[in-house]
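One letter stands for each residue in the lines below.
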Amino acid sequence: MDIATGAGLVGGIAVVFVLIMIDGGNFAAYFDKHAVIVIFGGATAATMLRFPFSVIVHGVPMGLRYAFNMRAIRPRELIDEITKIADVVKRQGPMALESLEISDPFLAQGVRYIADGYDREFIRDTMERDRDNFLMHLDEGSKVYRAFGDCAPAWGMIGTILGMVTMFANMSDPSKLGPAMATALLATLYGALIANMITLPIADKLHVKLEEEDVSRSLIIDGVLLIRDAKSASLVREMLIAYLPHNHRDEMAAEAA
């Protein structure tokens, strides 16, 4: 699990909770059904206008899943594992790959192609297509959350305007001023909270995860192709180290020495 995502979300909720407690702990005063309808109904409708329904259905759960999940294997660990696989192939041949247990599904797919004897072009085209499709879906999830985050404050302003219209239209009836003012203020509050505490941070986190997945999957594709070409384990390692930041490259070079 990505601890930063969970900690950030819990921390944001805790800040709001503490502030309400400091102001007297009257949580009921911060709920207004009209504001809820305006924000969730309006922002959802506007987001659905921006994207096909299939993108929303696929992007929302996928985005939420990857926002809270860390990649099981980091690039350094991938390089170590691919190097070991290359050594196995060099010593025992491609048939030895059938008995290997590989934790990363994408790497396992590439290794299976090698063991089954597929040619280099098929492996490269298929794995690149799989990588690009995955990244496209992850990018769609990021765009859906960003769109909702863009819409929520705007609909909060719409709720504020509606509440003020109701308030000014009923100036002669003091009993209606309070609910109208609550709708006006809480709609803005809900929109700001949803955008800045949930949807926009998730969209940014998904963009970071997309870049990480792009690097990891591109590294795997190159590693699989090098193994398919029967390159030595040391050559595979040296070529894949180029995917790492410079400080990690120095650490791996020191370890190898």
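As the structure is a computational prediction, the values presented were derived from the model and not from experiment.

**Looking at the side chain of Thr-47**
Next, step 1: Its place among the elements puts Thr-47 in helix H2 (residues 33-50).
Next, step 2: For Thr-47, a relative accessible area of 4% corresponds to the buried category.
Next, step 3: In terms of polar contacts, Thr-47 uses its side chain to reach the backbone carbonyl oxygen of Ala-43, at 2.8 Å.
Next, step 4: When near neighbours in sequence (up to four residues on either side) are disregarded, Thr-47 contacts Ile-56, Val-144, Ala-147, Phe-148 and Cys-151.

**Points about the UniProt feature "transmembrane region" (unreviewed entry) in the chain**
Next, step 1: Per the UniProt record, "transmembrane region" (unreviewed entry) is found at residues 7-31, 37-64, 152-171 and 177-200.
Next, step 2: Secondary structure across residues 7-31 comprises 64% helix and 0% strand; the distance between its end C-alpha atoms is 25 Å.

**Considerations on the packing of aromatic side chains**
A ring pair, where both rings are aromatic, is described by two values, the distance of the centres and the angle of the planes.
Next, step 1: Tallied over the full model, the rule gives five aromatic pairs.
Next, step 2: When the ring of Tyr-118 is compared with that of Phe-122, the centres are 4.6 Å apart and the planes differ by 25°; the resulting orientation is stacked.
Next, step 3: Classification of Phe-122 by relative accessible area gives partly exposed; the value is 31%.
Next, step 4: A connected cluster of aromatic rings, assembled from ring pairs, spans Tyr-113, Tyr-118 and Phe-122.
Next, step 5: The positively charged end of Arg-217 is found above the aromatic ring belonging to Phe-106, 4.9 Å away from the centroid.
Next, step 6: Above the face of the Phe-134 ring, Arg-217 is positioned so that its terminal group lies 3.9 Å from the ring centre.

**Topic: the side chain of Glu-81**
Next, step 1: Mapped onto the elements of the fold, Glu-81 is located in helix H4 (residues 75-92).
Next, step 2: Despite its burial, Glu-81 pairs with no opposite charge, the nearest such side chain being Lys-84 at 7.9 Å.
Next, step 3: If sequence neighbours within four positions are ignored, Glu-81 has contacts with Ile-73, Glu-101, Ile-102, Ser-103 and Leu-107.

**Thoughts on helix H7 (residues 177-228)**
A turn of α-helix holds 3.6 residues, and therefore any two residues three or four places apart point the same way.
Next, step 1: End to end, H7 covers 74 Å across 52 residues, agreeing with the expected 76 Å (1.5 Å per residue, within 8%).
Next, step 2: When the local axis directions of H7 are compared, the greatest deviation, roughly 40°, occurs at Ala-195.
Next, step 3: Positioned one or two residues after H7, Ala-230 has a phi angle of 65°, which is positive.

**Some points on the nonpolar core**
In globular proteins that are soluble, nonpolar side chains generally tend to be buried together.
Next, step 1: Counting 28 residues, the largest nonpolar core has Ile-82, Ile-85, Leu-107, Met-127 and Ile-220 as its most contacted members.
Next, step 2: Where this core is concerned, the elements lending two or more residues are H4, helix H5 (105-115), helix H6 (120-169), H7 and helix H8 (233-240).
Next, step 3: The biggest single contributor to this core is H7, with seven residues.
Next, step 4: For Leu-107, the contacting residues outside a window of four places in its chain are Leu-78, Glu-81, Ile-82, Ile-85, Ile-102, Ile-220 and Val-224.
Next, step 5: Counting 13 residues, the second-largest nonpolar core is a separate cluster that includes Ala-35, Ile-39, Ala-43 and Leu-200.

**Side note on the UniProt feature "domain: MotA/TolQ/ExbB proton channel" (unreviewed entry) in the chain**
Next, step 1: Per the UniProt record, "domain: MotA/TolQ/ExbB proton channel" (unreviewed entry) is annotated on residues 101-213.
Next, step 2: The span residues 101-213 carries 87% helix and 0% strand; its end-to-end C-alpha distance comes to 21 Å.

**Quick word on the domain arrangement of the chain**
Next, step 1: Assigned domains within the chain: domain 1 (1-30) and domain 2 (33-75 + 121-256).
Next, step 2: Here the C-alpha centroids of domain 1 and domain 2 sit 22 Å apart.
Next, step 3: With 11 residues of domain 1 in contact, the opposing surface of domain 2 contributes 12 residues.
Next, step 4: Carbon and sulfur atoms supply 68% of the area buried between domain 1 and domain 2, which totals about 890 Å² over both sides.
Next, step 5: A per-residue breakdown of the area domain 1 buries against domain 2 is headed by Asp-2, Thr-5 and Tyr-30, which together make up 51% of the total.
Next, step 6: Inspection of the region where domain 1 meets domain 2 yields zero salt bridges.
Next, step 7: In this assembly, domain 1 and domain 2 are joined by three residue pairs in polar contact (both at pLDDT 80 or more).
Next, step 8: Split by residue class, the side of domain 1 that touches domain 2 holds seven nonpolar, three polar and one charged.

**Observations regarding a nonpolar patch on the surface**
Next, step 1: Side chains of Val-15, Phe-17, Val-18, Leu-19, Met-21, Ile-22 and Phe-27 sit close together on the surface and give an oily, nonpolar patch of about 660 Å² of accessible area.
Next, step 2: Mapped onto the fold, Met-21 is located in helix H1 (residues 3-22).

The rules behind each value
- What you see as residue numbers is a count from 1 along each chain, following the sequence as written.
- Totals for whole chains, interfaces and linings use all residues, but because this is a predicted model, local features are given only for residues with pLDDT of at least 70 and pairs of side-chain atoms are given and counted only at 80 or more.
- Side-chain measures were taken over the full set of non-hydrogen atoms in the model, leaving aside hydrogen atoms and water.
- Secondary structure is summarised from DSSP: a helix means a run of H or I of at least four residues, a strand means a run of E of at least two, and numbering begins at the N terminus for each.
- Using a 1.4 Å probe on the protein chains alone, a residue whose accessible area is under 20% of its type maximum counts as buried, one over 50% counts as exposed, and one in between counts as partly exposed.
- Pairs of N or O atoms within 3.5 Å make up the polar contacts considered here, provided that, within protein, one atom can donate a hydrogen while the other can accept it, and that residues adjacent in sequence are counted only when both atoms are side-chain atoms.
- Two residues qualify as a contact provided that any one of their heavy atoms is within 4.5 Å of a heavy atom in the partner residue.
- UniProt positions are given in the numbering used here, feature names are shortened, and annotations may be inferred rather than shown by experiment.
- Planes of paired rings set the category: under 30 degrees apart is stacked, over 60 is edge-to-face and the rest tilted, where pairs are Phe, Tyr or Trp rings (Trp by its six-membered ring) whose centres lie within 6.5 Å.
- The rule for a charge over a ring is simple: NZ of Lys or CZ of Arg within 6 Å of the ring centre, and within 35 degrees of the ring normal.
- Charged-residue counts in this description rest on Lys and Arg as positive and Asp and Glu as negative, His and the chain ends being excluded.
- Counted as salt bridges are all cases of a side-chain nitrogen of Lys or Arg within 4 Å of a carboxyl oxygen of Asp or Glu.
- To estimate the expected span of a helix, subtract one from its residue number and multiply by 1.5 Å.
- The quantity called bend is, for any residue, the angle between two axes fitted respectively to the seven residues ending at it and the seven beginning at it.
- Among the buried residues, those of types Ala, Val, Leu, Ile, Met, Phe, Trp, Tyr and Cys that are joined through side-chain atoms within 4.5 Å form a nonpolar core.
- The split of the chain into domains comes from an automatic or database domain assignment.
- Buried area is a sum: the accessible area each of two parts loses on coming together, probed at 1.4 Å, counted once for each and added.
- Basically, the charged four are Asp, Glu, Lys and Arg, the nonpolar ten are Ala, Val, Leu, Ile, Met, Phe, Trp, Tyr, Cys and Pro, and anything else, Gly included, counts as polar.
- Patches draw on residues past 30% relative accessible area with no salt bridge. Two like charges within 9 Å are joined, as are two nonpolar side chains (Val, Leu, Ile, Met, Phe, Trp, Tyr) within 5 Å.
- All accessibility values rest on the Shrake-Rupley procedure with a 1.4 Å probe; residue burial counts only the protein chains present in the view.

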